[in-house]
Amino acid sequence: MRILLVEDDVALQRSLAAQLRRAAYAVDTVADGVEAEYLGDEEAYDGVILDLGLPGRPGLEVLRHWRSRGNRVPVLVLTARDAWHERVDGLKAGADDYLGKPFHPEELLARLEALLRRASGAAPGERLEVGEVVLDEDHQQVRVGAGPAQPLTATEYRLLRYFLLHPGKVLSKQRLTDHVYAYDDDRDSNVIEVYVRRLRKKIGAERIRTLRGQGYVFEAS
Ligand code: CA
């Protein structure tokens, strides 16, 4: 899952980005409203964390712009503590959730996770599983049926999580690349083939079907 983190407080941005990456998200960071608006329109994000007080263009304007263009990316706004009007304005502008500063990073991660689950139609709080494949999100491991827990690298984990959130759907290599890698990563879509092969070794080759010229399908059952 790929996240856009929009925050102009450099220290906060840095520490949040580090925590998000530890939680195996691909993260792009930006500190300016104009740049944020552009990236949100051009790149394929699964979610956005949006500070409201930004140089260049206020967060609320950025959000209104996205929504007016039909950009439905899930957005969690960061508001000033006790500023109830900011929370109201944020929700009216199309935010999906909000969090008042200062906040505990654990709460941000939990809210973000719930937001992404709802957006993909999966129930928040339930473990992520399709058929016999069960993802252990706390330890970044996968288990198949009664088999042993197998550790996943960060990229394998991001890719498998994306598959499990979109079972039965045709996912092109480009789409997988867009959602598994950050902007600054080396984004060669051929690398996805390598990671699919590694996942197949861990969970069974039959679970990820190749559709020639179209992409991959994670078997729904
Ligand atoms: Ca700010």
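Residues numbered from 1 in each chain as written. Predicted model: local features only at pLDDT ≥ 70, side-chain atom pairs only at ≥ 80, totals over all residues. Heavy atoms only, no water.

Colleague: Sorry if this is basic, but what is going on with the coordination of the calcium ion here?
Modeller: Perfect tetrahedral coordination of a metal by four donors corresponds to 109.5 degrees between them, and perfect octahedral coordination by six donors corresponds to 90 or 180 degrees. Ligation of the calcium ion by protein atoms is provided by Asp-8 (OD), Asp-51 (OD) and Gly-53 (O), these donors lying 2.1 to 2.3 Å from the ion. Here the donor residues of the calcium ion are spaced in sequence according to D-x42-D-x1-G. Here Asp-8, found in the loop between strand 1 (2-6) and helix 1 (10-22), pairs with Gly-53, found in the loop between strand 3 (47-51) and helix 3 (59-68); they are 45 residues apart in sequence, far enough to count as distant. Note on Asp-8: relative accessible area 31%, which makes it partly exposed. Residue Gly-53 is classed as partly exposed on the basis of its relative accessible area, which comes to 48%. (Donors = N, O, S within 2.8 Å, 3.2 Å for Na, K, Ca; no water. Helix = DSSP H or I, 4+ residues; strand = E, 2+ residues; numbered from the N terminus. Buried < 20%, exposed > 50% of the residue type's maximum accessible area, 1.4 Å probe, protein only.)

Colleague: Just checking my understanding: could you explain the domain arrangement of the protein chain for this structure?
Modeller: One frequently used descriptor of interface size is the decrease in accessible area upon assembly of the parts. Partitioning the protein chain into domains gives domain 1 (2-120) and domain 2 (128-218). Computed over C-alpha atoms, the centres of domain 1 and domain 2 are 26 Å apart. The interface of domain 1 with domain 2 comprises 16 residues on the first partner and 15 residues on the second. Carbon and sulfur atoms supply 46% of the area buried between domain 1 and domain 2, which totals about 1200 Å² over both sides. Among the residues domain 1 hides against domain 2, the three largest losses belong to Arg-2, Ala-24 and Arg-117. Together they make up 37% of the total. (Domains from an automatic or database assignment. Contact = heavy atoms within 4.5 Å. Buried area = accessible area lost by both parts, 1.4 Å probe.)

Colleague: How should I be thinking about the pairing of strand 4 (residues 75-80) in this particular structure?
Modeller: Successive residues of a regular strand alternate their side chains across the two faces of the sheet. Within strand 4, 5 of the 6 residues are buried, which leaves it mostly tucked inside the rest of the structure. The pairing of strand 3 with strand 4 spans 4 bridges and is classified as parallel. Bridging across to strand 4, Ile-49 finds its partner in Leu-76. Taking the sense of rotation as the criterion, the β-α-β connection linking strand 3, helix 3 and strand 4 turns out right-handed. In terms of strand pairing, strand 4 meets strand 5 (residues 97-101) through 5 bridges, oriented parallel. (Pairing = 2+ DSSP bridges. Right-handed = clockwise from strand over helix to strand, strands pointing away.)

Colleague: Can you help me understand the pairing of strand 8 (residues 141-144) in this one?
Modeller: Burial along strand 8 is one-sided: the residues Val-142 and Val-144 are buried and none of Gln-141 and Arg-143 is. Bridging between strand 7 (residues 133-136) and strand 8 involves 4 bridges; their strand directions are antiparallel. Bridged to Val-133 within strand 8 is Val-144. Between strand 7 and strand 8, which pair antiparallel one after the other, the connecting turn spans 4 residues, and Gln-140 there sits at a positive phi close to 50 degrees. The pairing of strand 8 with strand 9 (residues 150-151) spans 2 bridges and is classified as antiparallel. From the neighbouring strand, Gln-141 faces strand 9, where its bridge partner is Pro-151. Following strand 8, the chain reverses through 5 residues before pairing antiparallel with strand 9; Gly-145 in that reversal takes a positive phi of roughly 55 degrees.

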